[in-house]
Amino acid sequence: MEHFVYDLLDWFAVAKRDLPWRRHVSPYTVWISEIMLQQTQTERVISYYRNWFDNFPDIFSVHKATEDALLKCWEGLGYYSRPKNIKKTADILASQNNGLFPEDYQQLMQLPGIGPYTASAILSLAFEKPFPVIDANVERVVSRLCNISEVIKTSQAQKKIRTVLLTLLPKDKSRAFNQAMMELGALVCKPQRPDCSKCPGQSCCQGYHQGEVHNRPVKRKKKQSIPLEVSAGVLFAQQEVFIQKRPPHGLMPNLWEFPGGKLKKGETPEAALVREFWEELHFEISILDKMTVIRHSYTSFRVTLHIFRCQLLYEPQQPCLKAAVESRWVLPEQLQDFAFPAADLKVIELLKKDPFTILRRP
Ligand code: SF4
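A. Main features of the packing of aromatic side chains. As enumerated under the stated definition, the model contains 13 aromatic pairs in all. By the ring-pair criterion, three or more aromatic residues cluster together here, those being W21, Y28, W31, Y49, F53 and F101. Positioned over the ring face of Y79 is R82, at 4.1 Å from the centre of the ring.

B. Just the layout of surface pockets, in detail. For the second largest pocket, the calculated volume is near 550 Å³. Per-element tally for the lining of the second largest pocket: the top contributor is strand β1 (residues 226-237), with 4 residues. Within the lining of the second largest pocket, the residues separate by chemical class into 15 nonpolar, 4 polar and 6 charged.

C. Quick peek at the side chain of R144. Mapped onto the fold, R144 is located in helix α10 (residues 136-145). Although buried, R144 forms no salt bridge, and the nearest oppositely charged side chain, E212, lies 9.9 Å from it. From its side chain, R144 meets the backbone oxygen of P191 in a polar contact 3.0 Å long. What R144 contacts, discounting residues up to four positions off in sequence, is C189, K190, P191, P194, C205, Q206, G207, V213, R216 and P217.

D. Up close: the pairing of β1. Here β1 pairs with strand β6 (residues 301-312) via 11 bridges, running parallel. Looking at β6, one finds that F236 is bridged to Q311. The sheet contact formed by β1 and strand β4 (residues 260-262) spans 3 bridges and is antiparallel. Within β4, the position partnered with V230 by the bridge is K262. Note: β1 against strand β2 (residues 240-245), 2 bridges, orientation antiparallel. Residue pairing in the sheet places A237 in a bridge with E240 of β2. Connecting the antiparallel pair β1 and β2 is a turn made up of 2 residues, with Q238 showing a positive phi of about 45°.

E. Up close: the environment of K219. Topologically, K219 is positioned in the loop between α13 (206-209) and β1. Residue classification places K219 among the exposed residues on the basis of a relative accessible area of 63%. Between the C-alpha atoms of K219 and T154, which are 65 residues apart in sequence, the distance is 9.6 Å.

F. Region of the structure containing the side chain of K87. Along the polypeptide, K87 turns up in helix α7 (residues 81-96). With sequence-adjacent residues up to four places away left out, K87 is seen in contact with V62, H63, K64, A65 and L70.

G. Local environment of α10. Buried residues dominate α10, accounting for 9 of its 10 residues. Turning to α10, its buried residues are N137, V138, E139, R140, V141, V142, S143, R144 and L145. Regarding α10, its N-cap is D135, as a side-chain oxygen of that residue lies 3.1 Å from the backbone nitrogen of N137 further along. Within two residues after α10, N147 carries a phi angle of roughly 50°, on the positive side.

H. Looking closely at the packing of helix α4 (residues 42-55) against helix α6 (residues 67-74). Relative to each other, α4 and α6 sit at 155°, their axes nearing to 9 Å. On the basis of the axis angle, α4 is roughly antiparallel to α6. Along its contact with α4, which presents Y48, N51, W52 and N55, the element α6 presents L70, C73 and W74. Counted by class, the contact of α4 with α6 contains 5 nonpolar, 2 polar and no charged residues.

Each value, and the rule that gives it
- Per chain, residues are indexed from 1 in the order of the written sequence.
- This being a predicted model, a pLDDT of at least 70 is required before a residue's local features are given, and a value of 80 or more before pairs of side-chain atoms are given or counted; all residues contribute to the totals for chains, interfaces and linings.
- Values shown for side chains rest on all heavy atoms present in the structure; no hydrogens or waters enter the calculation.
- The criterion for an aromatic pair is that two Phe, Tyr or Trp rings (for Trp, the six-membered ring) have centres within 6.5 Å, with stacked assigned to planes under 30 degrees apart, edge-to-face to planes over 60 apart and tilted to the rest.
- Over a ring means this: the NZ of a Lys or the CZ of an Arg is within 6 Å of the ring centre and within 35 degrees of the ring normal.
- For each structure, a 1 Å grid was placed over the protein atoms alone; sets of points admitting a 1.4 Å probe that cannot get out are labelled cavities, open sets with protein on both sides within 12 Å along at least five of seven lines are labelled pockets, and lining residues have an atom within 4 Å of a point.
- Grid points are joined across faces, edges and corners, and a volume is the space filled by probe spheres set on the points.
- Helix numbering and strand numbering both begin at the N terminus, where a helix is a DSSP run of H or I of at least 4 residues and a strand a DSSP run of E of at least 2.
- Note on residue categories: nonpolar means Ala, Val, Leu, Ile, Met, Phe, Trp, Tyr, Cys or Pro, charged means Asp, Glu, Lys or Arg, and polar means any other residue, Gly included.
- Burial classes follow relative accessibility: with a 1.4 Å probe on protein chains only, a residue under 20% of its type's maximum area counts as buried, one over 50% as exposed, and anything between as partly exposed.
- Note on charges: Lys and Arg go in the positive column, Asp and Glu in the negative column, and His and the chain ends are not counted at all.
- Take a side-chain nitrogen of Lys or Arg and a carboxyl oxygen of Asp or Glu: if they are within 4 Å of each other, that pair is a salt bridge.
- The definition of a polar contact used here is a pair of N or O atoms within 3.5 Å, where within protein one atom must be able to donate a hydrogen and the other to accept one, and adjacent residues in sequence count solely through side-chain atom pairs.
- The contact rule is simple, with two residues in contact once any of their heavy atoms fall within 4.5 Å.
- Here, strands pair whenever DSSP counts at least two bridges between them.
- Only the contacting stretch of a helix is used when fitting its axis, a line to C-alpha atoms as for every element, and angles between N-to-C directions run 0 to 180 degrees.
- An angle counts as roughly parallel when it lies under 35 degrees, as roughly antiparallel when it exceeds 145, as roughly perpendicular when it falls between 65 and 115, and as oblique in every other case.

Rendered as structure tokens:
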């Protein structure tokens, strides 16, 4: 492994991608980019990152922003507690620490939404402190380099990975080393087809020499995601659409949505929707037609979403909100001013493509 670090850094100097968060590095840019990048592909993050920095160039702009404005920039990225925690942390730093991040691991860990990974990333990538940054790419590279046979998420495997990285980490090049390891996992030591012939670590890679590359990392059997059937309704009245805001706690906090809910056993999607509108809003509705079926996967659920156009049986009235904290009647073109979950965004896209879907009245 002696030459690996030198070879890795040389490779990285040539092969690294020109990513927006690498152009200007600060604790704030590292923080936002690393939170966006967790469980999300780099290509997808780029436009979100640019949009975020157009709107919130520094900690103080986050401090001044409303939670809804932050949520709108995060719309579609998932993990909606993240912008909420970003806001809390920005408020603390702006009001108590002059907008500056502490350079101490324990102090960083006390900030909302900052765990071991993000704290290490800020210390290493922004402050050049010798902390290893262990994401899924790095886990995969080390598990292959060292041919780790334990299940990757076990404490034994994690301990081995950390020990290897602490041994390799050059104290004065922490940022480049950590970025290079992540980049190697993203570009060369890929999950399905690692390109070992282009790898700066090939000569010392135990997984490669022992023919175990495709058996590493060892993963736990995936839990089957739970299938869920849900109905939701685009409710019209006088060319406006009804939307409601989810509560600040629980799944997809503070996002807006088209009302609806889960089907009960033996219930049709239509019956479920009529029941949900009554139970959650005290609205009596009739269904006009089925707009579409959307399939969307969340971390633990596979949702089949039945979307209907519907109308009130009576004149518009005040809803009795049971599952939401706020509601609005809005024109279709105003929907873009609110933050929605990914599945509802697909409905909005459909409405944009066919605006007459809204205007066609029975
Ligand atoms: Fe990954 Fe192959 Fe490089 Fe080993 S030699 S670290 S398996 S790309």
